[in-house]
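Letter by letter, the chains look like this.
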Amino acid sequence: MGHRRKTAAQIRKDILTQREEMRREDVILKSYIILENFISRIDVKKYTKAFVYLNFRNEPISGGIIHYLLEHTLTVSAPRIDRTDNLMRPCIITDAIDDLAVDPFGFRTPSAHAPTADPSSIDLVIAPGVAFDETGNRIGFGRGYYDTFFRGNAKALRVALAYDFQVLRELPVTPRDEKIDMIITETRILTPYARTSL
């Protein structure tokens, strides 16, 4: 309840501080449990094309999910920010290491030769976030990349990976904020806003 009257910026600052203070071994352990929860809950045979974030600064590690999806023959794409129009584009990868590079800002990104996927063809999105609430609202870094991406693809199942402390009772939202269908943490799976069949 204490978070309810805070602004999105205050919540973002508090949660990021807590996440950055995590020990590396806790990040690895909790990420592994989140992966196991993902595998137990998501029937990947229902999907053909996935878009998966590339973890940064103690976000839940996404590499295991990328490997899992590739092993199950999904076409996997990852985000690359186009600095000319400041849009996030899905670029196809076939390996979670060899097909990635580091951009000038220190973010892992698909290499320059990675082909771009059609965003409208993606049916499963694995998204990061700074904070979530129990009704599916999400706070990111405030740049709107994922909100814009979600608005361009309403059919995809939106799955967020998070640690328990990132899920609050209620977040301040705006009409432009897009909801998440499912939130997977190390201890629970929430399906607060299912727009599509789970």
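Every chain is numbered on its own, with residues counted from 1 as its sequence reads. Per-residue local features are limited, in this predicted model, to residues with pLDDT of at least 70; the limit for side-chain atom pairs, both in listing and counting, is 80 or more; totals at the level of whole chains, interfaces and linings are taken over all residues. With hydrogens and water excluded, all non-hydrogen atoms of the structure serve as input to the side-chain values.

**Q** Outline the pattern of salt bridges, listing residues and values.
**A** It is possible for side chains of opposite charge to pair when their charged atoms get near one another. When a carboxyl oxygen of Asp or Glu lies within 4 Å of a side-chain nitrogen of Lys or Arg, that pair is called a salt bridge. This model, assessed by the stated rule, comprises eleven salt bridges. Across the pair Arg-23 and Glu-25 runs a salt bridge whose closest N-O atoms are separated by 3.5 Å. For Arg-23, a relative accessible area of 48% corresponds to the partly exposed category. When its relative accessible area of 46% is taken as the criterion, Glu-25 is described as partly exposed. Linking Asp-82 and Arg-89 is a salt bridge whose minimum nitrogen-to-oxygen distance equals 3.1 Å. With a 1.4 Å probe rolled over the protein chains alone, any residue whose accessible area is under 20% of its type maximum counts as buried; one over 50% counts as exposed, and the rest are partly exposed. Since its relative accessible area comes to 28%, Arg-89 is described here as partly exposed. Connected via shared salt-bridge partners are Arg-23, Glu-25 and Asp-26.

**Q** For helix α3 (residues 63–71), give the residues involved together with the corresponding values.
**A** The helix count covers DSSP runs of H or I at least four residues long, the strand count covers runs of E at least two residues long, and both are numbered beginning at the N terminus. Those residues of α3 that sit buried are Gly-63, Ile-65, Ile-66, Tyr-68 and Leu-69. Contacts: residue pairs with any heavy atoms within 4.5 Å of one another. Where α3 is buried, its residues contact α2 (24–41), β1 (49–52), β2 (75–82), β3 (87–93), β6 (124–127) and β9 (157–161). Count one or two residues on from α3 and you reach Thr-73, which has phi positive near 65 degrees.

**Q** Quick one: what's the story with the packing of aromatic side chains, residue by residue and with numbers?
**A** Note on aromatic pairs: the rings of Phe, Tyr and Trp (six-membered ring only in Trp) are paired at centre separations within 6.5 Å, and the planes decide the class, stacked below 30 degrees, edge-to-face beyond 60, tilted for the rest. Under the definition given, this model contains six aromatic pairs. For the pair Phe-56 and Phe-107, a centre-to-centre distance of 4.3 Å together with 35 degrees between the ring planes defines the contact as tilted. Pair noted here: Phe-56 is in the loop between β1 and α3 and Phe-107 is in the loop between β4 (100–102) and β5 (108–110), with a separation of 51 residues, a long-range link. Phe-107 gets classed as partly exposed once you look at its relative accessible area, which sits at 31%. Ring plane angle 55 degrees and centroid distance 6.1 Å describe the contact between Tyr-146 and Phe-150, whose orientation is recorded as tilted. One end of the pair, Tyr-146, and the other, Phe-150, are both in helix α4 (residues 145–151), four residues apart, so they sit about a helical turn from each other. Phe-150 matches Tyr-146 in its accessibility class, with the two residues each being buried. Pairwise contacts between aromatic rings join Phe-51, Tyr-146, Phe-149 and Phe-150 into one cluster.

**Q** Could you give an account of helix α1 (residues 8–20), with specific residues and numbers?
**A** The first and last C-alpha atoms of α1 sit 18 Å apart over 13 residues, in line with the 18 Å expected at 1.5 Å per residue. The set of residues buried in α1 consists of Ile-11, Arg-12, Ile-15, Leu-16 and Arg-19. Projection of α1 onto a plane perpendicular to its axis shows the buried side chains occupying an angular sector of 125 degrees, all on one side. Packing partners of the buried residues in α1 comprise β7 (131–133), β8 (138–139) and β10 (167–168). Here the expected span of a helix is defined as 1.5 Å times the quantity of residues minus one. Comment: arc refers to directions from the helix axis out to C-beta atoms.

So, to be careful, I would describe these as geometric facts and stop short of saying anything about function.
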